[in-house]
Amino acid sequence: MYISKAFIPILKNNPTEAKIKSHKLMLRVGMIKQSSAGIYSWLPLGFKVMKKIEKIVREEQNKIGAQEILMPTIQSSEIWKESGRYDDYGDEMLRIKDRQNREMLYGPTNEELITDIFRSNIKSYKSLPQLLYHIQWKFRDELRPRFGIMRCREFYMKDAYSFDINDEEALYSYNKFFLSYLRTFKRLNLTAIPMAADTGPIGGNLSHEFIILAETGESKIFTDKRIFDVSYDNANLEKKSLDDLRKKYEIFYAVTDEKFNKEEFEKKVSAENRLTTKGIEVGHIFYFGDKYSKPLNASVDLPGGKKDYVKMGSYGVGVSRLVGAIIEAKYNENEEIMKWPLSVTPYELAIIPMITKNDTSNLEKAQKIYKFLESKKIDTIVDDTDENFSSKMKKFNLIGVPYQIIIGKKSEGDLFEFKEIGKESQNLSIDQISELINKQKEKI
Ligand code: 5CA
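First, a word on what this report is: a plain description of the structure on this page. Predicted, not measured: the structure shown is a model, and the values here were computed from it. (Residues numbered from 1 in each chain as written. Predicted model: local features only at pLDDT ≥ 70, side-chain atom pairs only at ≥ 80, totals over all residues. Heavy atoms only, no water.)

**Topic: the environment of V401**
Along the polypeptide, V401 turns up in the loop between helix 11 (389-399) and strand 21 (403-407). Classification of V401 as buried rests on a relative accessible area of 0%. The residues touching V401, leaving out its near neighbours within four places in the chain, are W340, T345, Y347, E348, L349, A350, I381, F396 and I421. (Helix = DSSP H or I, 4+ residues; strand = E, 2+ residues; numbered from the N terminus. Buried < 20%, exposed > 50% of the residue type's maximum accessible area, 1.4 Å probe, protein only. Contact = heavy atoms within 4.5 Å.)

Rendered as structure tokens:
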């Protein structure tokens, strides 16, 4: 992509309406545009990042055997009346009437709809477990939408649902998602900690929020610092391994404020290991047994001939919120330098030639190596403008493309000045550069 043709509407200054760094940066570099309170359009830079996050989330769901479906955004109120949540959900639910005067709603979550799909198709324990997910827009009429896409009204979520024959099998499914979340956030270059959490309007008695540390986060957290050293590298998808993994985390006190108990915190965690800070909830998993299957009458035949309500859990990842969460974790606001993780960056490499009106030879070099890098599947953006060099560098520090080739005084012959944001530059051939980047990509 040539930047002169790209739709990247960069603002000269920080927008004054934004309070936290992710919101500021997303508006500044034109990743999103607000269309009304808590509702945003996603422009090319922002959309590319979100799509890359979505791809990783999807791959990790597929790896634990979950199957992708797509449910609609608009739902009928009837199934919500069956579960009893139509009234309970309150003002957060956007209620709509169609031309036949039927009560419809824009789905804030999908427990009812998925249970309806399940009950009309699955009748026997032999078809269990079922792990189903979709990645779809949700609407919650938040009282105070804020911080841009972090707490908005329309947002993009991956929500998965598990169906099992009994509690033991259901916990096994829960643990599969537990591991898949650890893997997903690691690939996004985030350290997300599973914390015991409240279940709110989704319900149930077992729940973990996955939280990344950030001063601007809305969740207050209380944790034993040693939880950051727990490793899941040796975990596999066997029951015992997943059970052990969850235990390894759960021996450490780690809770959000709804579950906080001062006495317990001080008893369980020695003073030097106590950490009280804030974080962003990027995922939330729930086990709620037959909370929905019972009122919606979703039962299966058991081996002995009896019937029982299927045991369910649900598992959410805030795909659009993650774009902001990654910025909170990776953007140095004081120096105005962003560095996207290679796994989700809008472009992998920026070619920044020094160009003057009289001398465009560097641009010609840039065009040539751009063609080569495209053939090596490296997602590249070329700055073909004749802006002065320092404003070009400033712009790319904001956009946050992790690798740069600078074609100027330091590039000589077949060697180019190559720089990873935040590191010293070095002179490398174009083959070396493409190899280096592609090796890094293999690790994602
Ligand atoms: N049905 C369950 C699990 S699928 C559920 O809806 N869980 S949730 O309410 O916790 O939402 C899942 C994730 O969506 C959250 O962890 C958060 O990352 C994201 N999310 C929730 N509300 C918003 C919002 N208003 N704006 C942006 N992201 C949100």
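**Details of the sheet that holds strand 4 (residues 74-76)**
Strand order in the open sheet formed by three strands is 4-6-5, and the pairing between neighbours is antiparallel. Strands at the two margins of the open sheet, each flanked by one partner only, are strand 4 and strand 5 (94-97). The sheet shows a mean angle of 40° between the axes of neighbouring strands, direction not considered. For strand 5 and strand 6 (residues 103-106), the ladder comprises four bridges, and the chain directions are antiparallel. Across the sheet, the residue bridging to I96 is M104, located in strand 6. (Pairing = 2+ DSSP bridges. Axes fitted to C-alpha atoms, helices over the stretch in contact; angles between N-to-C directions.)

**What to know about the packing of helix 2 (residues 44-63) against helix 9 (residues 319-330)**
Taken N-terminus to C-terminus, the directions of helix 2 and helix 9 make an angle of 115°; their axes are 9 Å apart at the nearest point. Judged by the inter-axis angle, helix 2 sits roughly perpendicular to helix 9. With respect to the hand of their crossing, helix 2 and helix 9 are arranged in right-handed fashion. In this structure, helix 2 uses V49, M50, I53 and E54 to contact helix 9, whose residues at the interface are V319, S320, L322, V323 and I326. Here the contact of helix 2 with helix 9 is composed, by residue class, of seven nonpolar, one polar and one charged. (Parallel < 35°, antiparallel > 145°, perpendicular 65-115°, else oblique. Left-handed = near helix turned anticlockwise from the far one by under 90°. Nonpolar A, V, L, I, M, F, W, Y, C, P; charged D, E, K, R; others polar.)

**Some words on the side chain of E348**
Checked against the element boundaries, E348 lands in the loop between strand 18 (337-338) and strand 19 (349-353). In this structure the side chain of E348 is engaged in a polar contact, spanning 3.0 Å, whose partner is the side chain of K441. Look past the residues within four positions of E348 in its chain and what remains in contact with it is K52, L342, K377, I378, D379, V401, P402, Y403 and K441. (Polar contact = N/O pair within 3.5 Å; in protein donor to acceptor, adjacent residues only side chain to side chain.)

**Side note on the packing of aromatic side chains**
If you walk through the whole model with that rule in mind, you get 18 aromatic pairs. Where F222 meets F265, the ring centres are 5.9 Å apart and the plane angle is 80°; that geometry is what we call edge-to-face. Of this pair, F222 sits in strand 11 (residues 219-224) while F265 sits in helix 8 (residues 262-268), placing them 43 residues apart in sequence. For F265, a relative accessible area of 5% puts it in the buried group. Each ring, one from Y403 and one from F418, has its centre 5.5 Å from the other, and the planes form 20°; the classification is stacked. Taken together, the positions of Y403 in strand 21 and F418 in strand 22 (residues 415-420) put the pair 15 residues apart, joining distant regions of the chain. (Phe/Tyr/Trp six-rings, centres within 6.5 Å; stacked < 30°, edge-to-face > 60°.)

**Topic: the pairing of strand 1 (residues 32-36)**
As paired elements, strand 1 and strand 2 (residues 39-42) share four bridges and run antiparallel to each other. Counted as the bridge partner of K33 is S41 from strand 2.

**Looking at the site of the ligand**
Surrounding the ligand, one finds 22 residues, the nearest of these being T109, E111, R140, C152 and E281. The contact in question runs from a nitrogen atom of the ligand to an N or O atom on the side chain of T109, over 2.7 Å. In the environment of the ligand, a nitrogen atom lies 2.9 Å from a nitrogen or oxygen atom belonging to the side chain of E142. If the ligand stood free it would expose 600 Å²; the protein chains cover 96% of that surface. Elements supplying a minimum of two residues to the shell around the ligand: strand 8 (154-164), strand 13 (274-289) and strand 16 (311-318). It is strand 13 that contributes the most residues to the shell around the ligand, five residues altogether. Here the shell around the ligand is composed, by residue class, of nine nonpolar, six polar and seven charged. (Near = heavy atom within 4 Å. Areas by Shrake-Rupley, 256 points an atom, 1.4 Å probe, with all protein chains shown as cover.)

**Some remarks on unusual backbone geometry**
Here L128 and P129 are connected by a cis peptide whose omega angle stands at 0°. Along the polypeptide, P129 turns up in the loop between helix 5 (111-119) and strand 7 (130-139). The backbone phi angle of N101 is positive, close to 70°, even though this residue is not glycine. Residue classification places N101 among the exposed positions, given a relative accessible area of 55%.

**Thoughts on helix 1 (residues 21-28)**
Given 3.6 residues per helical turn, the α-helix brings residues three or four places apart onto the same face. Most of helix 1 sits out of view: seven of its eight residues are buried. Listed as buried for helix 1 are S22, H23, K24, L25, M26, L27 and R28. Looking at the packing, one finds that the buried side of helix 1 touches strand 1, strand 2, helix 9, strand 17 (331-332), strand 18 and helix 11. G30, located one to two residues past helix 1, shows a positive phi value of around 70°.

**Some remarks on the environment of I433**
As for its placement among the helices and strands, I433 is situated in helix 12 (residues 430-442). I433 sits 54 residues away from D379 along the chain, and the two C-alpha atoms are 13 Å apart. Ignoring anything within four residues of it in the chain, the contact list for I433 reads I405, F416, F418 and L428.

**A few points about the sheet that holds strand 20 (residues 380-382)**
Strand order in the open sheet formed by five strands is 20-19-21-22-23, and the pairing between neighbours is mixed. What marks the edges here is a single partner per strand, and that holds for strand 20 and strand 23 (426-429). When the angles between neighbouring strand axes are averaged without regard to direction, this sheet yields 30°. Sheet topology places strand 19 next to strand 20; three bridges connect them, and they run parallel.

**What to know about the side chain of R140**
Mapped onto the elements, R140 comes out in the loop between strand 7 and strand 8. Among buried charged residues, R140 stands out as having no salt bridge; its nearest opposite-charge side chain is E92, 4.8 Å away. Residues in contact with R140, not counting those within four places in the same chain, are Y89, E92, P108, T109, C152, R153, F155 and M157. (Lys, Arg positive; Asp, Glu negative; His and termini not counted. Salt bridge = Lys/Arg side-chain N within 4 Å of Asp/Glu carboxyl O.)

**Regarding the pattern of salt bridges**
For the structure on display, the rule yields 39 salt bridges. The partner of E68 in a salt bridge is R58, with the nearest N and O atoms 2.7 Å apart. You can see E68 sitting in strand 3 (residues 67-68) and its partner R58 sitting in helix 2, a full 10 residues away along the chain. Using a relative accessible area of 37% as the deciding quantity, one classes E68 as partly exposed. Overlapping salt bridges, with partners in common, bring together K55, E59, E60, K63 and R187 in one network.

Purely spatial values, then, with no claim about function.
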